[in-house]
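Results of the structural survey
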Number of protein chains: 2
Amino acid sequence: MKRPYNFSAGPATLPPEVLEQAAAEMLDWHGSGMGVMEMSHRGREFTSIRDQAEADLRELMAVPAHFKVLFMQGGGLAQNAIVPMNLSRGGAADFVVTGSWSQKSHKEAKRYCTAHVAASNDADRHTRIPAPESWKLDAKAAYVHLCTNETIHGVEFQSLPDLKALGSDAALVIDCSSHIATRPIDWSRVGLAFAGAQKNIGPSGVTIVFVREDLLGHALPVCPSVFDYKVVADNDSMLNTPPTYAIYIAGLVFQWLKRQGGIAAMEQRNVTKAQLVYDYVDTSGYYRNEVDKSCRSRMNIPFFLPDDKLNDAFLAGAKERGLLQLKGHKSVGGMRASLYNAMPLAGAQALVDYMREFAARHG
Amino acid sequence: MKRPYNFSAGPATLPPEVLEQAAAEMLDWHGSGMGVMEMSHRGREFTSIRDQAEADLRELMAVPAHFKVLFMQGGGLAQNAIVPMNLSRGGAADFVVTGSWSQKSHKEAKRYCTAHVAASNDADRHTRIPAPESWKLDAKAAYVHLCTNETIHGVEFQSLPDLKALGSDAALVIDCSSHIATRPIDWSRVGLAFAGAQKNIGPSGVTIVFVREDLLGHALPVCPSVFDYKVVADNDSMLNTPPTYAIYIAGLVFQWLKRQGGIAAMEQRNVTKAQLVYDYVDTSGYYRNEVDKSCRSRMNIPFFLPDDKLNDAFLAGAKERGLLQLKGHKSVGGMRASLYNAMPLAGAQALVDYMREFAARHG
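Throughout, residues of each chain are indexed from 1 in the direction in which the sequence is written. Here chains are named by letter from A upward and ligands by number from 1 upward, in the order in which they appear as written. Per-residue local features of the predicted model are confined to residues with pLDDT of at least 70, and side-chain atom pairs are confined, for both listing and counting, to 80 or more; whole-chain, interface and lining totals are unaffected and use all residues. Side-chain figures throughout are based on the complete set of non-hydrogen atoms in the structure, without hydrogens or water.

1. A word on the overall build of chain A
Helix and strand assignments follow DSSP, with helices taken as H or I runs no shorter than four residues and strands as E runs no shorter than two, numbered in order from the N terminus. A count of helices and strands for chain A gives 9 helices and 13 strands. Restricting the calculation to C-alpha atoms gives the radius of gyration, and the globule rule supplies 2.2 Å times the number of residues raised to the power 0.38. In terms of overall dimensions, chain A is globule-like: its C-alpha atoms have a radius of gyration of 21 Å, near the 21 Å expected for 363 residues. The principal-axis extents of the C-alpha atoms in chain A amount to approximately 60 × 60 × 30 Å. Under the scheme applied here, a residue whose accessible area is under 20% of the maximum for its type counts as buried, over 50% as exposed, and between as partly exposed, the area being computed with a 1.4 Å probe on protein chains only. Classification of the 363 residues of chain A by burial places 63% in the buried group. Sequence-distant contacts, at least 24 apart, represent 69% of the contacts inside chain A between residues at least 6 apart. Carbon and sulfur atoms provide 50% of the accessible area of chain A, an area that totals close to 13,100 Å². Charged side chains in chain A number 38 positive and 38 negative. The centres of these two groups are separated by 4 Å. Whether two residues are in contact is decided by their heavy atoms, any of which lying within 4.5 Å being enough. Where accessible areas are quoted, they stem from the Shrake-Rupley method and a 1.4 Å probe; at the residue level, only the protein chains shown are allowed to cover. Just so you know, the count uses Lys and Arg for positive and Asp and Glu for negative, and it drops His and the chain ends. One atom stands in for each charge, and that atom is NZ of Lys, CZ of Arg, CG of Asp or CD of Glu.

See below:
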């Protein structure tokens with residue numbers, strides 16, 4: 001039977017090869033007599049899995065040696081507290097609000113620091129990113145927080161701002177949860193990047209943090225030990241029992257990414273897939289996407305039918321054709337197609353074919 | 001090939017039937033066209049998995065309706081901070097120190113409250129539990145923290161103290177990470193219980209919290225939203241993306257436990273397994289366990305050979321016979337056999353057979 005195409009915004013589709021390998025190794029990993037879930041996290045077997053995952057991720061993303069790679073728990077929402085607990089020193093931080101996620105980050109940070117909104121696209125209903133030159137950065141801010149791909153609103157930064165050129169000495173913090181490993185990151189502009197794994201990397205339950213070493217060691221006293229980046233780094237992410245199975249699956253995805261040709265190859269495919277859907281939406285005369293072309297997300301494409309009354313019929317027909325989880329986020333409405341790394345071009349094509357068919361029937 | 005017996009203290013052995021089912025459903029759960037890792041946590045499919053897991057756990061453990069069941073992230077070490085952030089109100093809390101885990105809990109709580117040691121077995125090298133009548137409880141303490149099974153030292157509470165009878169109005173908090181679901185809990189004596197899943201319930205990465213409703217709603221302002229029990233409860237553990245796959249595996253384990261006859265049946269088996277090993281250790285004239293008989297853990301049995309120089313030979317011979325992960329914790333040394341729910345009686349018997357053989361050869 002053909003596998004359906006799953007457009008979930010996260011947790012999201014994974015490469016079938018990865019799932020097949022995980023199933024095959026479920027009761028016995030590499031002749032060890034144990035499944036990965038059953039291994040002591042301090043044993044030789046799991047340590048090798050963790051180390052390989054980090055090495056592959058570093059290679060894929062070209063992570064410089066002066067960044068630590070941490071495997072943590074709690075997802076992006078936990079990082080919204082953990083970042084200010086570690087980086088703000090109780091002072092100030094700037095937030096560029098471009099959608100739901102950066103909004104949540106700003107709100108949570110207020111518990112720990114003076115959290116300024118340096119810019120917001122609220123007035124544009126989160127459809128365009130304010131030009132960096134217009135951001136009102138606080139000279140005293142310890143860091144500037146961006147969500148570089150807004151999963152709900154479908155807004156993506158196409159490049160990272162150069163804070164130094166904007167006159168700021170702050171560290172740039174990026175929440176790249178929903179587009180990590182889908183395009184390169186310019187590390188020279190970044191202080192810290194975090195990403196929940198459940199979009200492009202693996203199952204929910206593991207959060208990857210990349211942190212420049214000079215930012216370690218300044219956690220507030222109220223920061224729990226397990227969320228103090230320095231403590232986590234000093235313990236190779238093993239202070240507490242890490243989410244071992246999620247790290248293992250992430251590692252299998254990293255190996256799959258390498259077999260696909262790495263991040264540059266994935267980026268090219270992601271551009272092609274997104275272009276296919278946006279081009280059709282823009283020329284259809286039926287569907288619409290409201291995000292400014294300069295900052296449309298390659299990963300998450302919200303789109304609307306001419307009449308919301310047709311939404312249920314659209315979703316039902318999609319499901320019949322094996323196109324799953326296309327319903328838009330409740331705060332935006334309409335539809336949303338997520339085209340993460342594991343979504344093949346054929347999936348984007350099948351979606352466009354169905355959209356065309358639906359428009360012809362109802363248009 | 002016969003599957004080895006895996007005595008890891010955690011992450012730990014899981015029932016083969018559970019792993020087989022997980023492998024079979026890896027690419028397609030119940031005809032949905034998606035694996036469990038790939039499902040939106042808010043979709044109908046995953047919601048049904050979560051709800052069933054909670055219902056089964058409530059039934060198995062006879063959890064009263066006025067307790068919330070939360071699925072969280074961060075493990076026991078995170079709870080060491082999360083509990084005082086939620087329950088202490090910045091006042092005082094009492095700790096009964098019986099081993100490494102309660103010691104860590106006490107240390108971490110100091111960040112958030114006045115953390116008293118009400119009793120400690122430090123002078124006895126964590127081999128006996130101080131009698132509750134001797135505990136120096138603080139009349140102002142918001143809660144009293146125990147670790148009811150010390151995984152490292154092999155010390156287990158055989159019953160829960162009645163704090164009211166000891167003159168305390170505090171809520172009893174129990175860290176039952178390493179013996180949850182292996183014996184009943186007397187909920188009338190408990191305010192909050194937490195457990196990392198990776199011993200008796202499933203993979204690492206999900207922590208289960210049972211909290212009496214009247215204890216909700218008093219989190220300190222520094223408590224991250226994702227760790228505020230009331231916020232988590234109000235959102236059915238879905239404020240952030242939960243560790244969906246870990247919850248699914250936990251649910252499969254709960255169904256397996258029901259098929260085994262539930263907690264009462266498991267307790268009986270656990271008593272039998274532990275008795276088999278302790279009886280042999282005590283009568284062997286070769287091995288020794290140093291924990292007082294009144295509080296020996298059914299789950300984690302540390303034992304020592306007469307000479308540490310034989311440890312490597314013991315471990316190598318064990319591995320040859322398919323007896324894995326018996327090395328003791330570095331802070332205690334020697335050996336440790338963990339006999340969680342998923343360890344069959346045949347595994348405990350195979351261990352004793354090997355221990356007898358080894359003693360005969362080296363004794």
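2. Some words on the packing of aromatic side chains
Each Phe, Tyr or Trp ring (for Trp, its six-membered ring) is paired with any other whose centre lies within 6.5 Å, and the angle between the two planes then decides the class: stacked below 30 degrees, edge-to-face above 60, tilted in between. Applying the stated criterion across every chain yields a total of 28 aromatic pairs over all chains. The rings of Y280, Y286, Y287, F303, F314, Y354 and F358 of chain A are connected pair by pair, giving a single aromatic cluster.

3. As for the domain arrangement of chain A
All names here are of chain A. One can read the domain layout of chain A as domain 1 (17-259) and domain 2 (263-362). A straight line from the C-alpha centre of domain 1 to that of domain 2 covers 27 Å. In this assembly, 26 residues from domain 1 lie in contact with 22 residues from domain 2. Across the interface of domain 1 and domain 2, roughly 2,000 Å² is buried in total on both sides, 54% from carbon and sulfur atoms. Residues adjacent in sequence count toward polar contacts only when both atoms are side-chain atoms; beyond that, a polar contact is any pair of N or O atoms within 3.5 Å, and within protein one must be able to donate a hydrogen and the other to accept it. At the junction of domain 1 and domain 2, the tally comes to 13 residue pairs in polar contact (both at pLDDT 80 or more). Among the elements of the structure, α2 (44-61), β7 (155-156) and α6 (244-259) are those that each provide at least two residues to the side of domain 1 that touches domain 2. Think of it as three bins: nonpolar holds Ala, Val, Leu, Ile, Met, Phe, Trp, Tyr, Cys and Pro, charged holds Asp, Glu, Lys and Arg, and polar takes everything else, Gly as well. Across the side of domain 1 that touches domain 2, the residue classes break down as 10 nonpolar, 11 polar and 5 charged. Domains are outlined according to an automatic or database domain assignment. What gets called buried area is simply the loss in accessible area from a 1.4 Å probe that two parts show on being joined, summed for both.

4. Structural notes on the relation of the copies chain B and chain A
The transform that puts chain B on chain A rotates by 180 degrees and translates by 0.0 Å along the axis, for an RMSD of 0.0 Å. Taken together, the turn and the small shift mark the pair as related by a two-fold rotation axis. Closest approach to the rotation axis among the C-alpha atoms of chain B is made by A23 of chain B, whose C-alpha sits 2.2 Å away. The share of interface residues of chain B whose copies in chain A are also at the interface is 100%, consistent with both copies meeting through the same surface. All copies are superposed by least squares; the fitting set is the C-alpha atoms of residues with a pLDDT of at least 70 in both.

5. Considerations on the sheet that holds strand β4 (residues 114-120) of chain A
Residues and elements named next belong to chain A. Paired strands are those between which DSSP finds at least two bridges. With mixed pairing, 7 strands are arranged side by side in an open sheet as β2-β10-β9-β8-β5-β3-β4. If you trace the sheet from one side to the other, it starts and ends with β2 (67-72) and β4, each paired once. Put simply, the sheet's adjacent strands are angled 20 degrees from each other on average, direction ignored. Pairing geometry for strand β3 (residues 92-97) and β4, over 6 bridges, is parallel. Paired with V97 across the strands is S120, a residue of β4. All axes here are fitted lines through C-alpha atoms, helices being fitted over the stretch that makes contact, and every angle between N-to-C directions spans 0 to 180 degrees.

6. Observations regarding the interface of chain B and chain A
Interfaces are often sized by the amount of accessible area the parts lose when they come together. If you look at the interface, chain B gives 58 residues, while chain A gives 58 residues. Between chain B and chain A, roughly 4,600 Å² of surface is buried when both sides are summed, and carbon and sulfur atoms account for 57% of that area. Considering only the side of chain B, the residues that lose the most area to chain A are L27, M37 and E38 of chain B, jointly responsible for 15% of the buried surface there. Any Lys or Arg side-chain nitrogen located within 4 Å of an Asp or Glu carboxyl oxygen qualifies as a salt bridge. Where chain B touches chain A, the interface holds 2 salt bridges. The interface formed by chain B and chain A includes 33 residue pairs in polar contact (both at pLDDT 80 or more). Of the residues that constitute the side of chain B that touches chain A, the class distribution is 31 nonpolar, 20 polar and 7 charged.

7. A word on the sheet that holds strand β5 (residues 141-147) of chain B
Residue and element names in this part refer to chain B. Spatial ordering of the open sheet is given by β2-β10-β9-β8-β5-β3-β4, a layout of 7 strands whose pairing is mixed. At either margin of the open sheet sits one strand with a lone partner, and together these are β2 (67-72) and β4 (114-120). Neighbouring strand axes in the sheet, compared pairwise and without regard to direction, differ in orientation by 20 degrees on average. Against the sheet, helix α2 (residues 44-61) makes contact with β2 and β10 (207-212), and its axis sits at roughly 130 degrees relative to β2, the strand it touches most.

8. Overview of the nonpolar core
One recurring pattern in soluble globular proteins: nonpolar side chains tend to sit buried together. What we call a nonpolar core is a set of buried Ala, Val, Leu, Ile, Met, Phe, Trp, Tyr and Cys residues that are connected through their side-chain atoms within 4.5 Å. Core analysis: the biggest nonpolar cluster contains 124 residues, and M61, F210 and Y245 of chain A together with M61, F210 and Y245 of chain B have the highest contact counts within it. Among residues more than four places away in sequence, those in contact with Y245 of chain B are M26, M37 and Y245 of chain A together with A22, M26, V36 and M37 of chain B. F194 and F227 of chain A together with C113 and Y229 of chain B belong to the second-largest nonpolar core, a separate cluster that totals 63 residues.

9. A word on helix α6 (residues 244-259) of chain B
All names here are of chain B. Take the number of residues in a helix, subtract one, and multiply by 1.5 Å to get its expected span. Taking 1.5 Å of rise per residue, the 16 residues of α6 would be expected to cover 22 Å, and the 23 Å separating its terminal C-alpha atoms lies within 8% of that figure. The buried fraction of α6 amounts to 13 of the 16 residues, a majority that puts the element mostly inside the structure. Backbone geometry just downstream of α6 places G261 in the positive-phi region, at approximately 110 degrees.

10. Focus: the pattern of salt bridges
All names here are of chain A. Summed over all chains, the structure comprises 47 salt bridges over all chains. Among the ionic pairs, D186 bridges to R189, the shortest N-O distance being 3.7 Å. A residue is classified by how much of its surface remains accessible, and D186, at 36% relative accessible area, is partly exposed. Ionic pairing is found between R361 and E357, a salt bridge with its closest N-O pair at 3.1 Å. A residue pair is termed a helical-turn pair when its members lie 3 or 4 positions apart in one helix, as R361 and E357 do in helix α9 (residues 345-362) at 4 residues. In the salt-bridge network here, residues are joined through shared partners; they are R50, D51, E54 and R58.

11. With respect to the packing of helix α8 (residues 311-320) of chain A against α9 of chain A
All names here are of chain A. Two elements in contact, α8 and α9, have axes separated by 11 Å at closest approach and are oriented at 135 degrees. Accordingly, the angle class assigned to the pair α8 and α9 is oblique. Relative to α9, α8 is oriented so that their crossing is right-handed. Contact residues: α8 offers A313, F314, G317 and A318, while α9 offers Y354, M355 and F358. Its residues assigned to classes, the contact of α8 with α9 shows 6 nonpolar, 1 polar and no charged. Roughly parallel means an angle under 35 degrees; roughly antiparallel, over 145; roughly perpendicular, 65 to 115; everything else is oblique. By the definition used in this description, the sense in which the near helix is turned from the far one sets the handedness, with an anticlockwise turn below a right angle giving left-handed and a clockwise turn giving right-handed.

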